[in-house]
Amino acid sequence: MTAEAADLEVAKINKFRDPRIRAIFYQILVIVLIVGFVAYVGHNTAVNLEKRGIASGFNFLSQPAGFGIGIVLLMDFDSQTSTHLDVLLIGIINTLAVSISGIFLATIIGFIFGVLRLSKNWVVNKIAAVYIEVIRNIPLLVQLMFWYFAVLSVLPLVGDSMSIGNNFFVNNRGVNFPAMIPSTGFWLIPVALLVAIVASVLVRNWAHKRQDLTGQIFPVFWVCLGLIIVLPVIASLIMGNPFTMSYPEFGRFSITGGWSLEPEFLALLLGLSIYTGAFIAEIVRSGINAVSHGQTEAAHSLGIRPGLTTRLVILPQALRVIVPPLTSQYLNLTKNSSLATAIGYADITALFAGTSLNQTGQAIECIMITMLFYLSISLLISMFMNWYNKRIALVER
Amino acid sequence: MSEAAMTQTDIDVAIQLIGMHKWYGEFHVLKDINLTVERGEKIVVCGPSGSGKSTMIRCINRLEEHQQGQIIVDGIELTNDVKKIDEIRREVGMVFQHFNLFPHLTVLENCTLAPIWVRKTPKAEAEATAMKFLERVKIPEQAMKYPGQLSGGQQQRVAIARSLCMNPRIMLFDEPTSALDPEMISEVLDTMISLAEEGMTMICVTHEMGFAKTVADRVLFMDAGEIIEQAPPQEFFENPQSERTQLFLSQILHNG
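Rules behind the numbers
Residues numbered from 1 in each chain as written. Chains lettered and ligands numbered in written order. Predicted model: local features only at pLDDT ≥ 70, side-chain atom pairs only at ≥ 80, totals over all residues. Heavy atoms only, no water. Helix = DSSP H or I, 4+ residues; strand = E, 2+ residues; numbered from the N terminus. Buried < 20%, exposed > 50% of the residue type's maximum accessible area, 1.4 Å probe, protein only. Contact = heavy atoms within 4.5 Å. Areas by Shrake-Rupley, 256 points an atom, 1.4 Å probe, with all protein chains shown as cover. Lys, Arg positive; Asp, Glu negative; His and termini not counted. Charge placed at Lys NZ, Arg CZ, Asp CG, Glu CD. Axes fitted to C-alpha atoms, helices over the stretch in contact; angles between N-to-C directions. Parallel < 35°, antiparallel > 145°, perpendicular 65-115°, else oblique. Nonpolar A, V, L, I, M, F, W, Y, C, P; charged D, E, K, R; others polar. Pairing = 2+ DSSP bridges. Core = buried A, V, L, I, M, F, W, Y, C linked by side-chain atoms within 4.5 Å. Domains from an automatic or database assignment. Patch = residues over 30% accessible without salt bridge, like charges linked within 9 Å, V, L, I, M, F, W, Y side chains within 5 Å. Salt bridge = Lys/Arg side-chain N within 4 Å of Asp/Glu carboxyl O. Buried area = accessible area lost by both parts, 1.4 Å probe. Polar contact = N/O pair within 3.5 Å; in protein donor to acceptor, adjacent residues only side chain to side chain. Bend = angle between axes of the 7 residues up to and from the residue.

Concerning the overall build of chain A
Consideration 1: Within chain A, the regular secondary structure consists of 12 helices and eight strands.
Consideration 2: Overall, chain A is about 100 × 75 × 45 Å in size when its C-alpha atoms are taken along their principal axes.
Consideration 3: Within chain A, the fraction of its 397 residues that count as buried is 37%.
Consideration 4: The long-range share in chain A, meaning contacts at least 24 apart out of those at least 6 apart in sequence, stands at 68%.
Consideration 5: Carbon and sulfur atoms form 69% of the exposed surface of chain A, whose accessible area is close to 23,300 Å².
Consideration 6: Charged side chains in chain A number 24 positive and 19 negative. The centres of these two groups are separated by 11 Å.

Some thoughts on the packing of helix α10 (residues 306-336) of chain A against helix α12 (residues 363-393) of chain A
Residue and element names in this part refer to chain A.
Consideration 1: Look at α10 against α12: their axes get within 10 Å of each other, and the N-to-C directions meet at 170°. Taken together, the axes of α10 and α12 are roughly antiparallel relative to one another. Contacts between α10 and α12 pair L319, R320, V323, P324, L326, T327, Y330, L331, T334 and K335 from the former with Y374, I377, S378, I381, S382, M385, Y388, N389, I392 and A393 from the latter.
Consideration 2: Class assignment of the residues belonging to the contact of α10 with α12 gives a composition of 13 nonpolar, five polar and two charged.

Section: the sheet that holds strand β2 (residues 168-171) of chain A
All names here are of chain A.
Consideration 1: Pairing within the open sheet is antiparallel, and its four strands lie in the order β1-β2-β3-β8. The sheet is open, and its two borders are formed by β1 (162-164) and β8 (259-261), each paired with just one other strand. Taking each pair of neighbouring strands and ignoring which way they run, the sheet shows an average axis angle of 20°.
Consideration 2: One ladder, built from three bridges, connects β1 with β2; its direction is antiparallel. By the bridge assignment for β2, I164 is matched with F168.

Considering the nonpolar core
If you look at soluble globular proteins, the nonpolar side chains tend to sit buried side by side.
Consideration 1: Counting residues in each nonpolar core, the largest one holds 91 residues, and the members touching the most others are I15, L17 and M56 of chain B.
Consideration 2: Sort the elements by how many residues they give to this core and helix α8 (residues 263-290) of chain A lands first, with 13 residues.
Consideration 3: Setting aside residues no more than four positions away along its own chain, M56 of chain B makes contact with L17, M20, L30, I33, L35, V45, L220, M222 and I227 of chain B.
Consideration 4: Ranked by size, the runner-up nonpolar core spans 47 residues in total, among them V95, A159, L195 and I252 of chain B.

Focus on the domain arrangement of chain A
Consideration 1: Assigned domains within chain A: domain 1 (3-52) and domain 2 (84-178 + 247-392).
Consideration 2: Taking only C-alpha atoms into account, the centre of domain 1 of chain A sits 45 Å from that of domain 2 of chain A.

Let's talk about the sheet that holds strand β3 (residues 42-46) of chain B
All names here are of chain B.
Consideration 1: With mixed pairing, six strands are arranged side by side in an open sheet as β6-β7-β8-β3-β9-β10. Two strands close off the open sheet at either side, each with one partner strand: β6 (92-95) and β10 (226-231). Neighbouring strand axes in the sheet, compared pairwise and without regard to direction, differ in orientation by 20° on average.
Consideration 2: Examined bridge by bridge, strand β9 (residues 218-223) and β10 share five bridges and lie antiparallel to one another. Residue pairing for β10: F221 is matched across the bridge by E229.
Consideration 3: Packing against the sheet, helix α3 (residues 82-91) makes contact with β6 and β7 (170-174), and its axis sits at approximately 65° to β6.

A look at a nonpolar patch on the surface
Consideration 1: Taken together, the side chains of F221, W222, L225, I229, V230, V233, I234, L237 and I238 of chain A define a hydrophobic patch exposed on the protein surface, amounting to about 950 Å² of accessible area.
Consideration 2: I238 of chain A gets classed as exposed once you look at its relative accessible area, which sits at 60%.

Notes on the pattern of salt bridges
Consideration 1: Inspection of every chain in the model, using the stated rule, returns 13 salt bridges over all chains.
Consideration 2: Notably, a salt bridge pairs D18 of chain A with R20 of chain A, separated by 3.4 Å at the nearest N-O pair.
Consideration 3: A salt bridge links R305 of chain A to D86 of chain B; its shortest N-O distance comes to 2.1 Å. Of the two residues, R305 of chain A sits in the loop between α9 (293-301) and α10 while D86 of chain B sits in helix α3, which places them in two different chains.
Consideration 4: Relative accessible area serves as the criterion here: at 42%, R305 of chain A is assigned to the partly exposed category.
Consideration 5: For D86 of chain B, a relative accessible area of 4% puts it in the buried group.
Consideration 6: One connected set of salt bridges, linked through shared partners, spans E297 of chain A together with R58 and E64 of chain B.

Section: the environment of T334 of chain A
Residues and elements named next belong to chain A.
Consideration 1: You can see T334 is positioned in helix α10.
Consideration 2: Under the relative-accessibility criterion, T334 is labelled buried at 1%.
Consideration 3: Counting along the chain gives 24 residues from T334 to N358, while the straight-line C-alpha distance between them is 24 Å.

Re unusual backbone geometry
Residues and elements named next belong to chain B.
Consideration 1: Not every positive phi belongs to a glycine, and R62 is a case in point at roughly 65°.
Consideration 2: Here R62 lies in the loop between α2 (53-60) and β4 (68-73).
Consideration 3: Given the relative accessible area of 10%, R62 is considered buried.
Consideration 4: The backbone phi angle of N167 is positive, close to 50°, even though this residue is not glycine.
Consideration 5: Mapped onto the elements, N167 comes out in the loop between α6 (152-164) and β7.

Some points on the interface of chain B and chain A
Frequently, the measure chosen for interface size is the accessible area removed from exposure when the parts meet.
Consideration 1: Contact with chain B, which involves 29 residues of that partner, is made by 26 residues of chain A.
Consideration 2: Of the roughly 2,600 Å² buried where chain B meets chain A, counting both sides, 60% is carbon and sulfur surface.
Consideration 3: The interface formed by chain B and chain A includes three salt bridges.
Consideration 4: Note that E297 of chain A is salt-bridged to R58 of chain B, the shortest N-O span being 2.5 Å.
Consideration 5: Applying the counting rule to chain B against chain A returns seven residue pairs in polar contact (both at pLDDT 80 or more).
Consideration 6: Mapped by element, the contributors of at least two residues to the side of chain B that touches chain A are α3, β6, α4 (107-117), α5 (123-136) and α6 of chain B.

With respect to the pairing of strand β2 (residues 27-38) of chain B
All names here are of chain B.
Consideration 1: Summarising the sheet, strand β1 (residues 13-24) and β2 pair through eight bridges and their orientation is antiparallel. Across the sheet, the residue bridging to V13 is E38, located in β2.
Consideration 2: What sits between β1 and β2 in their antiparallel hairpin is a turn of two residues, with G25 showing a positive phi close to 60°.

Looking at helix α5 (residues 140-152) of chain A
Residues and elements named next belong to chain A.
Consideration 1: At F146, α5 shows its maximal kink, close to 30°.
Consideration 2: Those residues of α5 not exposed but buried are L140, Q143, L144, W147, Y148 and L152.
Consideration 3: Contacts made by the buried residues of α5 are with α4 (122-136), α8 and α10.

Now the structure itself:
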């Protein structure tokens, strides 16, 4: 009897007061609204484009670009024959070049200053503090302009280049330094480098095994460093130095020969890595601080030396705190590289979403491709860092 | 004193603090500490919080630096010489109030880390030693777990095993049971008692007066950075000399 009564009670409840049913209703409502909005905007755009006679599609990618590009890496570019697809590729390469080198540099700067910020030495500590506070609190765009217009542009003219030794020049068109031009037989050097890297991994594994068996500690770092330097040098000697050096030389208007880094690239690289480095420094500092001092004391009381304590006890724990926010700094750096437009570095935004878009009028396609590119590399970086994070986090439990 | 007598006392003395002072900035934490601990002696240090008990034993393995006087451990004087500090730390084990196990390593790895990297012991040997000590503290079955998966009492016993793996000649205990739930205190104290019975030189900062009565050769009472009184436990508890000791004991025994 009572059970039936309860059933009746349940039946009388207004369905819409059931949170589960409400949740389903609201979810359907939201999806309908979003789909409706997207359909409306898409339709509107298509109608407007048709009215103005703008053809949509990706055919423009195979048309010749018809403009020149300042910085071209790894590719040949000819303003007459190269297409917008080439422009896109150059933009991607340039963005990747500055992002990857920026991530490396920012990480190094960040870890150094993060550790210095923790120093008990008053001067060192304050220098790091001033760097972090000043750099973090000035907009990146302004800093890029500072490096480009206030530092690199006021360097001497080419004719009065500052020189370091006879082969290294600094002027307002960038930095020139000697280049190594491969000749026949050069292949052995990269092969030797590869062999050295493989050998280093083997040495590391062997050293681990030997330590497990005999307890002896092998200086893995120094031996591997030696291998990586010595093997390519030996390879070079065997092949009788299979390269010619190209030194920068003064021409009438410019420096020819050697390699050069353009001021746009340098300004963007410096700006991005110094700016992001300040944030990374704070992340590193807080990560190390997050490991309780008791850990250091326990390690010290066991007779473990300070350097080894950092390596075996502090860093593995600090990294778990450092890696997730570090990932978002890497993403920031990559996305912030689009500020290149402001100082005329030919990245994907300036080239493809800028010049190509203006030339062809294919705004939607250009912007979409550019957005898709940033999205893809951001997701790639995220995936890699998440994988790394999992690897070090798993050690916990 | 004859030469022979000198060397005789040197061998028998494990720790010697002579006129030791320490300041934190302006604050005078330790005042003229004089203490001689013989080999195999068990000492319990008690006193109100802030009296400098922990600071004193932390000076013995140089987790804190003293500013005046001498500390001689195992015949080695503690100075700024890093090598001497390392030598002493290898011989002196320490157990902390909050265990301070390495959370990113398993129990076994916690125990083998220092033997492998400091004593350069082969891994298999270090693991065998570690298992031996884990068995002694009665938790060999937890060897593959991480510290976060153990109870407080188990963690503290791992911490004791971790110290023992370095084969220390002296053990320092810094309030080893203060952070434990009441039902876990005895398992840690039992471990410490069995260690004491084997003749380990021990200095324990603790408020466990039962432990002091069973194990200690001498009880030290500290207050405001000074050693006020020291006596064998029976004398100390039954007939405390100074007023401050009497007050402290009446408070502690009421609560206990």
